[in-house]
Amino acid sequence: MSVQDQLHRYLFENVAVRGELVNVSHTWQEIIKNHDYPAPVQTLLGELLVATSLLTATLKFDGDITVQLQGDGPLSLAVINGNNRQELRGVARVKGDIPADSTLKSMVGTGYLAITISPEKGERYQGVVGLEGDTLAACLEDYFMRSEQLPTRLFIRTNEKGAAGILLQVLPAQDTQTEDFNHLATLTETVKSEELIDLPATDVLWRLYHQEEATVFDPQPVSFKCTCSRERCGEVLKTLPQHEVDEIIEEDGQVDMHCDYCGTHYVYDAVDIAAIRKGGAEGENSDSIH
């Protein structure tokens, strides 16, 4: 994990607005390194990663958030999952050609943005909005206005070096003047990609808000973490019809379970399968057989 892969929270003293700044550059590279994604898909996953990290930072409980784009375009799915410990993973599914100059809408086509919040204790919640904005940030801002009625701005920056972003949001149940929020958003809009990605967060915040009074809290590390394991894949195998697994063993001599998120392969031979059927694996997983 890079020292830059951190999330900083901050509060303005004289305005009821909170902010978050995150750099996810190394985590982004971990997510895309085992996949041959077209460049526009890599960039979109970086943007989704920034957004999901910023959204998980809003959680007031233990749990996770999944942000996904789904549509009928050549990019059928792009999804990032993150938890309150800022452990993130993601994957995309490409089913057609994606030119280098592709936009969000040309990649996803007619589709939607879904945000699923899953607390460890309590009910799961999902919000869905259509892709009406031209950018991911615009679509997410639309989601916040529709679902939470909280003025929110997202500033996402990516380049060949990394990905980073800032979230500004009016605090709930606070009487914040629109012009005050717009003033802070105008300041934040000036941040350049190289500043946000290359500079320490404290330097970026000083450059943006040195005339404002803001309290910056201790950073939280951000990291890539996949939840797959040999045991969880084994549990998936137990749920499959035995004759299908036996046919794969007979044809290939083994079953190869591949994790879509991290690219890890878990290989099982006939002896392994027999042990699993006797009750040797536990857990859950979201992996596929190859």
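A brief report on the enclosed structure follows. Here the structure is a predicted model, which is why all the values come from computation and not from measurement. (Residues numbered from 1 in each chain as written. Predicted model: local features only at pLDDT ≥ 70, side-chain atom pairs only at ≥ 80, totals over all residues. Heavy atoms only, no water.)

1. Here we look at the overall build of the chain
The condition that has to hold: A run of DSSP states H or I qualifies as a helix once it reaches four residues; a run of E qualifies as a strand once it reaches two. Both are numbered from the N-terminal end. To sort residues, take the accessible area from a 1.4 Å probe on protein chains only and compare it with the maximum for the residue type: under 20% means buried, over 50% means exposed, and anything in between is partly exposed. Two residues qualify as a contact provided that any one of their heavy atoms is within 4.5 Å of a heavy atom in the partner residue.
A tally of helices and strands in the chain yields 10 helices and 15 strands. The buried share of the chain, reckoned over its 290 residues, is 49%. In the chain, of all internal contacts separated by at least 6 residues, the share reaching a separation of at least 24 is 63%.

2. Overview of the pairing of strand E5 (residues 87-94)
The criterion, for reference: Pairs of strands are assigned from DSSP output, requiring at least two bridges between the strands.
Across the eight residues that make up E5, a large majority, six, are buried. One ladder, built from seven bridges, connects strand E4 (residues 75-83) with E5; its direction is antiparallel. Within E5, the position partnered with Val79 by the bridge is Val91. The turn joining E4 and E5, which pair antiparallel and follow one another in sequence, is formed by three residues; a positive phi near 60 degrees is taken by Gln86. Bridge count for E5 against strand E12 (residues 223-224) is two bridges, and the pairing is parallel. Opposite Glu87, over in E12, you have Ser223 as the bridge partner.

3. With respect to the pairing of strand E6 (residues 111-119)
When you tally the buried positions in E6, you get seven out of nine residues, the bulk of the element. Summarising the sheet, strand E3 (residues 63-71) and E6 pair through nine bridges and their orientation is antiparallel. Across the sheet, the residue bridging to Gln70 is Tyr112, located in E6. Across six bridges, E6 lies against strand E7 (residues 125-130) in antiparallel orientation. Paired with Leu113 across the two strands is Val129, which belongs to E7. The loop that links E6 with its antiparallel partner E7 comprises five residues; one of these, Gly122, has a positive phi angle of about 120 degrees.

4. A word on the state of the cysteines
Defined as follows: In plain terms, two cysteine sulfur atoms within 2.5 Å form what is called a disulfide here.
This model, assessed by the stated rule, comprises zero disulfides. The cysteine Cys228 is free of any disulfide, with Cys262 supplying the nearest cysteine sulfur at 3.6 Å.

5. Concerning the pattern of salt bridges
Cut-off, in case you're wondering: Salt-bridge detection follows one rule: a side-chain nitrogen of Lys or Arg within 4 Å of a carboxyl oxygen of Asp or Glu.
Under the definition given, this model contains 16 salt bridges. Two residues, Glu132 and Arg146, come together in a salt bridge whose shortest N-O distance is 3.3 Å. Here Glu132 is found in the loop between E7 and helix H4 (136-147), whereas its partner Arg146 is found in helix H4, with 14 residues between them in sequence. Accessibility expressed as a relative area gives 47% for Arg146, which makes it partly exposed. Via salt bridges that share partners, Glu141, Arg153, Arg157 and Glu189 belong to a single interconnected network.

6. Observations regarding the side chain of Thr66
What counts, and what does not: Side-chain atoms alone can form a polar contact between residues adjacent in sequence; in general such a contact is a pair of N or O atoms within 3.5 Å, and within protein one must be able to donate a hydrogen while the other accepts it.
Within the secondary structure, Thr66 sits in strand E3. Residue Thr66 is classed as buried on the basis of its relative accessible area, which comes to 17%. A distance of 2.8 Å separates polar atoms of two side chains, one belonging to Thr66 and the other to Asn81. Sequence-distant contacts of Thr66, defined by excluding residues within four places in its chain, comprise Val79, Ile80, Asn81, Ala114, Ile115 and Thr116.

7. Digging into the nonpolar core
Soluble globular proteins tend to pack their nonpolar side chains together in the buried interior. Applicable threshold: Here, nonpolar core refers to any group of buried Ala, Val, Leu, Ile, Met, Phe, Trp, Tyr and Cys residues whose side-chain atoms link them within 4.5 Å.
If you look at the biggest cluster of nonpolar residues, it comprises 65 residues, and the most contacted ones within it are Leu45, Leu69, Leu75 and Leu113. The element contributing the most residues to this core is helix H2 (residues 39-56), with nine residues. Membership of the second largest hydrophobic core comes to 21 residues, among which are Val170, Phe181, Leu184 and Val191.

8. Describing the packing of aromatic side chains
What counts is decided by this rule: In summary, the pairing rule links any two rings of Phe, Tyr or Trp, Trp by its six-membered ring, whose centres are within 6.5 Å, and it sorts them by plane angle into stacked for under 30 degrees, edge-to-face for over 60 and tilted for everything else.
Applying the stated criterion across every chain yields a total of four aromatic pairs. Ring centres of Phe12 and Tyr209 lie 5.0 Å apart, and the angle between their planes is 90 degrees; this geometry places the pair in the edge-to-face category. In this pair, Phe12 is assigned in strand E1 (residues 6-12) and Tyr209 in helix H7 (residues 201-209), connecting sequence segments 197 residues apart. Its relative accessible area of 4% is what places Tyr209 among the buried residues. Taking 5.6 Å as the distance between ring centres and 75 degrees as the angle between the ring planes, the aromatic pair formed by Tyr143 and Phe144 counts as edge-to-face.

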